[in-house]
Amino acid sequence: MGPLLKELPFILILFCLIEVFSSKRKFGIYLTVNLIVTAVFFAAIMYHKYYGVIVTYHALQQVNQVTAVKNSVFSLLAPYYLLIFLDIVVIGFWLMRRKRAENSRVCST
(Lines give C-alpha, C1' and ligand atoms only; values in the text may rest on other atoms or scores of the structure.)
Protein backbone atom coordinates (compact mmCIF):
# COMPACT_ATOMS: atom_id res chain seq x y z
CA MET A 1 0.00 0.00 0.00
CA GLY A 2 2.96 2.32 0.63
CA PRO A 3 4.20 2.55 -2.98
CA LEU A 4 0.67 3.28 -4.15
CA LEU A 5 0.37 6.22 -1.77
CA LYS A 6 3.76 7.53 -2.90
CA GLU A 7 2.91 7.38 -6.61
CA LEU A 8 -0.68 8.60 -6.38
CA PRO A 9 0.21 12.34 -6.12
CA PHE A 10 2.32 12.06 -9.29
CA ILE A 11 -0.59 10.52 -11.20
CA LEU A 12 -2.99 13.14 -9.86
CA ILE A 13 -0.64 15.93 -10.95
CA LEU A 14 -0.44 14.45 -14.45
CA PHE A 15 -4.22 14.26 -14.74
CA CYS A 16 -4.65 17.78 -13.32
CA LEU A 17 -2.22 19.08 -15.96
CA ILE A 18 -4.26 17.36 -18.65
CA GLU A 19 -7.45 18.97 -17.33
CA VAL A 20 -5.89 22.43 -17.16
CA PHE A 21 -4.00 22.51 -20.46
CA SER A 22 -6.03 20.29 -22.75
CA SER A 23 -9.24 21.47 -24.32
CA LYS A 24 -9.62 19.06 -27.22
CA ARG A 25 -8.91 15.35 -27.51
CA LYS A 26 -8.73 15.02 -23.75
CA PHE A 27 -9.69 11.35 -23.86
CA GLY A 28 -6.86 10.51 -26.26
CA ILE A 29 -4.36 12.34 -24.08
CA TYR A 30 -5.62 10.47 -21.02
CA LEU A 31 -5.17 7.17 -22.86
CA THR A 32 -1.66 8.10 -23.97
CA VAL A 33 -0.63 9.13 -20.46
CA ASN A 34 -2.23 5.97 -19.09
CA LEU A 35 -0.22 3.85 -21.53
CA ILE A 36 3.05 5.60 -20.68
CA VAL A 37 2.51 5.39 -16.92
CA THR A 38 1.47 1.75 -17.18
CA ALA A 39 4.59 0.95 -19.22
CA VAL A 40 6.78 2.68 -16.63
CA PHE A 41 5.10 0.74 -13.81
CA PHE A 42 5.52 -2.49 -15.77
CA ALA A 43 9.22 -1.73 -16.25
CA ALA A 44 9.54 -1.02 -12.52
CA ILE A 45 7.87 -4.35 -11.72
CA MET A 46 10.23 -6.22 -14.03
CA TYR A 47 13.25 -4.36 -12.64
CA HIS A 48 12.22 -5.27 -9.12
CA LYS A 49 11.69 -8.88 -10.10
CA TYR A 50 15.16 -9.06 -11.73
CA TYR A 51 17.26 -7.08 -9.26
CA GLY A 52 15.18 -7.30 -6.08
CA VAL A 53 15.22 -3.54 -5.48
CA ILE A 54 13.03 -0.66 -6.58
CA VAL A 55 14.33 1.18 -9.63
CA THR A 56 15.94 4.57 -9.08
CA TYR A 57 16.92 7.35 -11.43
CA HIS A 58 20.54 6.11 -11.22
CA ALA A 59 19.41 2.92 -12.95
CA LEU A 60 18.41 4.97 -15.99
CA GLN A 61 22.12 5.43 -16.71
CA GLN A 62 22.28 1.68 -17.34
CA VAL A 63 19.38 1.57 -19.77
CA ASN A 64 21.76 0.56 -22.56
CA GLN A 65 22.19 -2.84 -20.88
CA VAL A 66 18.59 -3.82 -21.53
CA THR A 67 19.51 -5.85 -24.59
CA ALA A 68 22.10 -7.80 -22.57
CA VAL A 69 19.50 -8.99 -20.05
CA LYS A 70 16.57 -9.34 -22.48
CA ASN A 71 16.43 -13.15 -22.37
CA SER A 72 16.53 -13.28 -18.59
CA VAL A 73 13.81 -10.64 -18.36
CA PHE A 74 11.55 -12.75 -20.59
CA SER A 75 12.19 -15.73 -18.33
CA LEU A 76 11.02 -13.66 -15.34
CA LEU A 77 7.87 -12.50 -17.08
CA ALA A 78 4.83 -14.12 -15.56
CA PRO A 79 1.64 -13.94 -17.63
CA TYR A 80 -0.29 -12.27 -14.82
CA TYR A 81 2.09 -9.28 -14.98
CA LEU A 82 0.46 -8.44 -18.30
CA LEU A 83 -2.83 -7.84 -16.47
CA ILE A 84 -1.49 -4.37 -15.71
CA PHE A 85 -2.31 -3.54 -19.35
CA LEU A 86 -5.88 -4.88 -19.11
CA ASP A 87 -7.46 -1.46 -18.67
CA ILE A 88 -5.91 -0.28 -21.95
CA VAL A 89 -7.24 -3.33 -23.79
CA VAL A 90 -10.74 -2.91 -22.33
CA ILE A 91 -10.87 0.80 -23.12
CA GLY A 92 -9.58 0.17 -26.66
CA PHE A 93 -12.21 -2.52 -27.24
CA TRP A 94 -14.90 -0.23 -25.86
CA LEU A 95 -13.80 2.62 -28.15
CA MET A 96 -13.80 0.41 -31.25
CA ARG A 97 -17.24 -0.92 -30.38
CA ARG A 98 -18.58 2.57 -29.77
CA LYS A 99 -17.14 3.83 -33.07
CA ARG A 100 -18.73 0.93 -34.96
CA ALA A 101 -22.08 1.69 -33.35
CA GLU A 102 -21.80 5.37 -34.36
CA ASN A 103 -20.84 4.43 -37.92
CA SER A 104 -23.76 2.03 -38.25
CA ARG A 105 -26.13 4.72 -36.92
CA VAL A 106 -24.83 7.23 -39.46
CA CYS A 107 -25.08 4.73 -42.33
CA SER A 108 -28.63 3.70 -41.42
CA THR A 109 -30.04 7.25 -41.37
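Below, the structure is looked at part by part. For clarity, every value in this text was computed on a predicted model and none was experimentally measured.

## Details of the overall build of the protein chain
Scanning the protein chain for helices and strands turns up 4 helices and 0 strands. Along the protein chain, helices (α) and strands (β) appear in the sequence α-α-α-α when read from the amino end. Counting all 109 residues of the protein chain, 12% fall into the buried class. Counting contacts in the protein chain only where the partners sit at least 6 residues apart, residues at least 24 apart contribute 61% of the total. Looking at the protein chain as shown, the accessible area adds up to about 9,100 Å², and 70% of this sits on carbon and sulfur atoms.

## A short note on unusual backbone geometry
Despite not being glycine, Arg25 shows a phi value in the positive range, around 55°. Position of Arg25 among the secondary structure elements: in the loop between helix H1 (2-21) and helix H2 (26-51).

## Observations regarding the packing of aromatic side chains
Summed over all chains, the structure comprises 4 aromatic pairs. Consider the rings of Phe27 and Trp94, whose centres lie 6.3 Å apart with planes at 65°: the pair is edge-to-face. Taken together, the positions of Phe27 in helix H2 and Trp94 in helix H4 (residues 86-108) put the pair 67 residues apart, joining distant regions of the chain. By relative accessible area, Trp94 is classed as partly exposed at 43%.

How each quantity is defined
Residue positions are given per chain, counted from 1 along the sequence in the order it is written. Per-residue local features are limited, in this predicted model, to residues with pLDDT of at least 70; the limit for side-chain atom pairs, both in listing and counting, is 80 or more; totals at the level of whole chains, interfaces and linings are taken over all residues. Hydrogens are left out, water is left out, and the side-chain values use all remaining heavy atoms of the structure. A run of DSSP states H or I qualifies as a helix once it reaches four residues; a run of E qualifies as a strand once it reaches two. Both are numbered from the N-terminal end. For every residue, the accessible area obtained with a 1.4 Å probe (protein chains only) is divided by the maximum for its type, and the residue is called buried under 20%, exposed over 50%, and partly exposed between those limits. When checking whether two residues touch, look at their non-hydrogen atoms; a contact exists if any pair is within 4.5 Å. Note on areas: these come from Shrake-Rupley sampling with a 1.4 Å probe, and a residue is covered only by the protein chains present in the view. Pairing of aromatic rings covers Phe, Tyr and Trp, the last through its six-membered ring, and needs centres within 6.5 Å; plane angles under 30 degrees mean stacked, over 60 mean edge-to-face, and all others mean tilted.

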